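Structural characterization, general
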Amino acid sequence: MNDGTPTVLKRIVARKHEEVAERQRRLSFEDCRSEAREQPATRGFAAALQRRIDAGDPAVIAEIKRASPSAGVLRDPYDPAAIARDYEAHGAACLSVLTDRDFFQGGEADLLAAREACTLPVLRKDFMVDEYQIHESRIAGADCILLIAACLSVNQMQALAGTARELGMDVLVEVHNEAELDQALQVDSPLLGINNRDLHTFEVSLDTTRTLHQRVPDGRLTITESGIHTRKDVDAMRERGIHAFLVGESFMRAGSPGYRLGELFFSI
Ligand SMILES: O=P(O)(O)OC[C@@H](O)[C@@H](O)c1c[nH]c2ccccc12
């Protein structure tokens, strides 16, 4: 597997550091931080998921993405606002919007457009490697940020999570294996994402969630991420007590992403 070629995740992270440096030349850290502090209240991402679960319903984080490095272009034309409305009408609990430009063909404008078109809380789906991006996410309208354990140390995750919380955002910590889970559990946040996709190889297996979920302590909300395509996938997770889902590709390939969400989760 490791033939010396950098994996996509490594290339993305290297590019992110450059991007942050470029952005910081346009808007200084100080100015970014003060603008972040002036934003109106966030929408409560974790609370929205918990409400669904308490009501006995699946909590679906419905993803909006134009393209991905593993699948190429998923949706063209791509209208984040229309998709957001469609998702809300069909029972999504929250949204996730890809804002990475170079690998996912997204941007912060997509997040703002989606958020303004509905009342749902929104996760900024991007690769956080620097404090600057946390403040920037708040300005971009994020109610929650993602921290990927595969590209951060425990100290980094704790620091970034602390900043996010100070700014009123929730934090989703994402893991793919046991070592990452152990690290993620040292971060004080209720939302734990188990990514079924290996971000180095793109291999997908729902067994990842099955195995790791057993080791998640009470008090954390497990979200199974990636590779959910069928009713059988959904039922297999719910039987194991996993009621929160992050789904992108199968919705993005459907004519109506919202209708597909309804079919998969609410049997319409
Ligand atoms: O499109 P899928 O297979 O339904 O997966 C959605 C989501 O889990 C996936 O986009 C994702 C999960 N973690 C990430 C981290 C970065 C980029 C993308 C992701």
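Labelled according to an unreviewed UniProt entry, the protein chain appears under the name Indole-3-glycerol phosphate synthase, originating from Vreelandella halophila. In the Sequence similarities (unreviewed entry) part of its UniProt record, the protein chain is described as follows: "Belongs to the TrpC family." Regarding the protein chain, the UniProt comment filed under Catalytic activity (unreviewed entry) reads as follows: "1-(2-carboxyphenylamino)-1-deoxy-D-ribulose 5-phosphate + H(+) = (1S,2R)-1-C-(indol-3-yl)glycerol 3-phosphate + CO2 + H2O".

1. Overview of the site of the ligand
Near the ligand you find 17 residues, and of these Glu 63, Glu 174, Ser 226, Gly 248 and Glu 249 are the closest. Residue Gly 227 places a main-chain N or O atom 3.0 Å away from an oxygen atom belonging to the ligand. Between Gly 248 and the ligand, the recorded distance is 2.7 Å, taken from a backbone N or O atom to an oxygen atom. Burial of the ligand by the protein chains amounts to 99% of its free accessible area of 430 Å². When residues of the shell around the ligand are traced back to their parent elements, those giving at least two are strand S6 (144-148) and strand S10 (244-247). Classifying every residue of the shell around the ligand gives six nonpolar, four polar and seven charged.

2. Things to note about the sheet that holds S6
The strand order around the closed barrel formed by eight strands is S1-S4-S5-S6-S7-S8-S9-S10, and the pairing between neighbours is parallel. The average angle at which neighbouring strand axes cross in this sheet is 25°, direction not considered. Sheet strands in contact with helix H7 (residues 154-166) are S6 and strand S7 (170-175), and its direction is about 180° off that of S6.

3. Thoughts on the side chain of Thr 209
Looking at the secondary structure, you find Thr 209 in helix H9 (residues 207-213). Leave out the neighbours within four places in its chain, and Thr 209 touches Ile 194, Asn 196, Thr 224, Met 237 and Ile 242.

4. A few points about the state of the cysteines
Counted under the stated rule, the structure contains zero disulfides. Distance from the sulfur of Cys 32, which forms no disulfide, to the nearest cysteine sulfur (Cys 144) is 18 Å. Exposure remark for Cys 32: the relative accessible area of 1% places this residue in the buried category. Free of any disulfide, Cys 151 has its nearest neighbouring cysteine sulfur in Cys 144, separated by 15 Å.

5. Here we look at the nonpolar core
Core analysis: the biggest nonpolar cluster contains 30 residues, and Ile 64, Tyr 87, Leu 95, Ile 228, Phe 251, Leu 261 and Phe 265 have the highest contact counts within it. Looking at this core, the elements with two or more residues in it are strand S1 (59-64), helix H4 (80-89), strand S4 (94-98), helix H5 (108-116), helix H10 (231-239), S10, helix H11 (249-252) and helix H12 (257-266). In contact with Leu 95, other than residues within four places in its own chain, are Phe 45, Ile 61, Ala 62, Ile 64, Ala 84, Tyr 87, Ala 114, Cys 118, Leu 120, Pro 121, Val 122 and Leu 123. In this structure, Leu 49, Phe 127, Ile 148 and Leu 191 belong to the second largest nonpolar core, which totals 29 residues.

6. Notes on the packing of aromatic side chains
Summed over the entire model, instances satisfying the criterion amount to five aromatic pairs. Through a chain of ring-to-ring contacts, three or more aromatic side chains come together here, namely Tyr 87, Phe 245, Phe 251 and Phe 265.

7. Description of H4
Restricting attention to buried positions, one finds in H4 the residues Pro 80, Ala 81, Ile 83, Ala 84, Asp 86 and Tyr 87. Buried residues along H4 sit in contact with S1, S4, H5, H11 and H12. Once H4 finishes, Gly 91 follows within two positions and takes phi at roughly 100°, a positive value.

8. Examining the UniProt feature "domain: Indole-3-glycerol phosphate synthase" (unreviewed entry) in the protein chain
Per the UniProt record, "domain: Indole-3-glycerol phosphate synthase" (unreviewed entry) is found at residues 9-255. With 43% helix and 18% strand, residues 9-255 has its two end C-alpha atoms placed 30 Å apart.

9. Thoughts on the pairing of S4
Burial of S4 is extensive: five of the five residues sit out of reach of the surface. Burial along S4 is two-sided: the face carrying Cys 94, Ser 96 and Leu 98 and the face carrying Leu 95 and Val 97 are both buried. Pairing geometry for S1 and S4, over four bridges, is parallel. Bridge assignment links Ala 62 to a residue of S4, and that residue is Leu 95. One ladder, built from four bridges, connects S4 with strand S5 (residues 122-125); its direction is parallel. Across the sheet, the residue bridging to Leu 98 is Lys 125, located in S5. With H5 bridging S4 and the parallel S5, this β-α-β connection has right-handed handedness.

10. Here's the deal with H7
Under the 1.5 Å per step criterion, the end-to-end length of H7 is 18 Å for 13 residues, consistent within 8% with the ideal 18 Å. Taken together, the buried positions of H7 are occupied by Val 154, Met 157, Leu 160, Ala 161, Gly 162, Thr 163 and Ala 164. Where H7 is buried, its residues touch helix H6 (131-139), S6, S7 and helix H8 (178-184). Of the residues trailing H7, Gly 168 is marked for its positive phi of about 85°.

Cut-offs and rules
Residues numbered from 1 in each chain as written. Predicted model: local features only at pLDDT ≥ 70, side-chain atom pairs only at ≥ 80, totals over all residues. Heavy atoms only, no water. UniProt positions renumbered as here; feature names shortened; annotations may be inferred. Near = heavy atom within 4 Å. Polar contact = N/O pair within 3.5 Å; in protein donor to acceptor, adjacent residues only side chain to side chain. Areas by Shrake-Rupley, 256 points an atom, 1.4 Å probe, with all protein chains shown as cover. Helix = DSSP H or I, 4+ residues; strand = E, 2+ residues; numbered from the N terminus. Nonpolar A, V, L, I, M, F, W, Y, C, P; charged D, E, K, R; others polar. Pairing = 2+ DSSP bridges. Axes fitted to C-alpha atoms, helices over the stretch in contact; angles between N-to-C directions. Contact = heavy atoms within 4.5 Å. Disulfide = S-S within 2.5 Å. Buried < 20%, exposed > 50% of the residue type's maximum accessible area, 1.4 Å probe, protein only. Core = buried A, V, L, I, M, F, W, Y, C linked by side-chain atoms within 4.5 Å. Phe/Tyr/Trp six-rings, centres within 6.5 Å; stacked < 30°, edge-to-face > 60°. Right-handed = clockwise from strand over helix to strand, strands pointing away. Expected span 1.5 Å × (residues − 1).

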